[in-house]
Amino acid sequence: MNALTLAWRALRHKPLASSLNLLLLAIGIAMMTFLLGVSSQLEEHAERDARGIDLVVGAKGSPLQLILSSVYHADIPTGNIPAGALATLAAQPLVDSVIPLALGDNFHGFRIVGSTTALARHYGAQLAQGQLFTQPMQAVFGARAARETGATLGASFAGAHGLAPGGELHAHAPYTVVGILQPTGSVLDRLILTPVASVWQVHETDPDEQPADAAAAPERELTAVLVRYASPLAAVFLPRWVNGQARLQAAQPAFEAARLFKLLGVGLDVLRAIAAGVLLVAALSLFVALYGALEERRTDMAILRTLGASPSKLLRLLLAQGLLLSLAGAAIGWLLGHAGLGVLASMQELNLQPWRVAAGEAWLPVIAVAVGLLAAAIPAARAYRTDIAATLARP
């Protein structure tokens, strides 16, 4: 009978202690797996969504809020800016291209974004059905928005005021679905695109939003403008020029995203430390269990020696118990960690892939095995040095 078979039977002999050690190891590995998956995928998504956007110009306020609302569509805007700012920015020699954004409404929680077809092209979107919009009050759905709202070509729908579900419907100005995009894996998947003129038309014709003075035409506004630099010099001069304007603010996605992940990194480091603490507790618990089992079975070990078992076989027996527990804990923890990613992906508007393996996960089985073998090392060494005569002579 080999060491693994004996180790398995020894673990089955104490199911409660074995299960507790297995659970502790699995929880520690699950936490590590979950944190690695979330952090790596969120950073990758953030980088992809902001790629090609050098500057965001919007209303004065928090630069981070401006980036979150206009690039990641995960916050409320800082305000609006004059529509004329688009032409002013486009005329700057340091600017290569501009994409306007006009926000304010949603459909079942998915943001209706007034823009141009350049926004779809920026994310490399391809049509799954229909066509891109060509006139106001036409809408093109991102893949996830279409799937979860049941949008179909030719269907009409009314946007709701605000960026969260439950706002007042603009029933007087329905949109028509003219296109549905293929999945891009970017923020575009959960947006509904329409011309900027659609957003203006919806609010300018809403009876509840008419000015008291009917002769006073409302000023047309945008939420933000996404800017791409024409040269590296723009990074030095353009933000300063924008911030010098009375109603404008410049925010750089790369800088704000780095600041955001630095803030999030503190929390992730704390959670990683907790996971490491759980693994340490698992190692101590496994050590105590194996050491206690050895003390209880010293006579059995001595009898095995008299029957011909070599000291190295007893050593392998204890090490095999630690190895079996650690490998089982790593496997169960890996499954639990990725299952947790799946739960998070279903509960939040995060484009997470639950079963995607992060780069650092390859080390987790190694860590688990190291924990198991280290915990078994002292009991194994003690079993190796068992004195047959002294043990059998004990009363």
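Values in this document were obtained by computation on a predicted structure and should not be read as measured data.

A. Inspection of the overall build of the protein at higher detail. From N to C terminus, the protein includes 13 helices and 13 strands. Among the 395 residues that make up the protein, the fraction classed as buried is 43%. Long-range contacts, defined here as pairs at least 24 residues apart, represent 78% of the contacts in the protein between residues at least 6 apart. Taken as a whole, the protein presents about 19100 Å² of accessible surface, with 63% of it coming from carbon and sulfur.

B. Spotlight on helix α3 (residues 63–70). Within α3, six of the eight residues are buried, leaving the element largely enclosed by the surrounding structure. Regarding α3, the residues found buried are L64, L66, I67, L68, S69 and S70.

C. Highlighting the nonpolar core. Counting 33 residues, the largest nonpolar core has V56, V71, Y72, L119, L193 and L226 as the members making the most contacts within it. Secondary-structure elements contributing two or more residues to this core are α2 (15–50), α3, β3 (95–107), α5 (117–122), β9 (175–181), β10 (191–195), β12 (224–229) and α9 (253–296). With four residues, the top contributor of residues to this core is α3. Among all residues touching L119, those that are not within four sequence positions of it are I99, L101, V113, L193 and L226. Among the nonpolar cores identified, the runner-up in size contains 20 residues, and V57, V227, V242 and A250 belong to it.

D. The side chain of Q41, seen in detail. Looking at the element boundaries, Q41 is found in helix α2. When neighbours within four sequence positions are excluded, Q41 is seen to be in contact with L341, N351, L352, Q353 and R356.

E. Local environment of the confidence of the model for the protein. Model confidence for the protein is summarised by a mean pLDDT of 83, while 81% of its residues fall at 70 or above. Looking at the elements of the protein, mean pLDDT is at its lowest for helix α13 (residues 388–393), recorded as 49, and at its highest for strand β6 (residues 138–141), recorded as 98.

F. Structural detail: the environment of S18. The topology assignment puts S18 in helix α2. Counting along the chain gives 267 residues from S18 to S285, while the straight-line C-alpha distance between them is 9.8 Å.

G. Up close: the environment of A171. Inspection of the secondary structure assignment puts A171 in the loop between β8 (160–161) and β9. With a relative accessible area of 59%, A171 lands in the exposed category. Note: C-alpha distance between A171 and G159 (twelve residues apart in sequence) is 7.5 Å.

H. Representation of a nonpolar patch on the surface. A contiguous nonpolar patch, built from W334, L335, W355 and V357 and spanning about 410 Å² of accessible area, is present on the exposed surface. Within the secondary structure, W355 sits in the loop between α11 (311–347) and α12 (363–384).

I. Summary view of the pairing of β12. Among the six residues of β12, five are classified as buried, and the element is accordingly described as predominantly covered. Taken together, the four bridges between strand β1 (residues 55–59) and β12 define a ladder with antiparallel strand orientation. Bridge pairing in β12 links V57 to V225. Relative to β12, β3 runs antiparallel, the two sharing six bridges. Residue pairing in the sheet places L101 in a bridge with A224 of β12.

Thresholds applied
- Residue indices begin from 1 for each chain and proceed along its sequence in written order.
- Local features in this predicted model are restricted to residues whose pLDDT is 70 or higher, and side-chain atom pairs enter the listing and the counts only when it is 80 or higher, whereas totals over whole chains, interfaces and linings include all residues.
- Side-chain numbers here rest on the full set of heavy atoms in the structure, without hydrogens or water.
- Secondary structure elements are defined from DSSP: runs of H or I of at least 4 residues count as helices, runs of E of at least 2 residues count as strands, and each element is numbered from the N terminus.
- Categorising residues by exposure relies on relative accessible area from a 1.4 Å probe, with only protein chains included: less than 20% of the type maximum marks a residue as buried, more than 50% marks it as exposed, and the intermediate range marks it as partly exposed.
- The criterion used for residue contact is that any of the two residues' heavy atoms lie within 4.5 Å.
- Here the Shrake-Rupley method, with its probe set to 1.4 Å, supplies the accessible areas, and only the displayed protein chains count as covering residues.
- What makes a nonpolar core is a set of buried Ala, Val, Leu, Ile, Met, Phe, Trp, Tyr and Cys residues whose side-chain atoms join them at distances within 4.5 Å.
- Each residue gets a pLDDT score, which is the predictor's confidence in that residue and runs from 0 to 100.
- Patches here are clusters of residues that have more than 30% relative accessible area and form no salt bridge, with a 9 Å joining cutoff for like charges and a 5 Å cutoff for nonpolar side chains (Val, Leu, Ile, Met, Phe, Trp, Tyr).
- Put simply, a salt bridge is a Lys or Arg side-chain nitrogen that is within 4 Å of an Asp or Glu carboxyl oxygen.
- Here, strands pair whenever DSSP counts at least two bridges between them.

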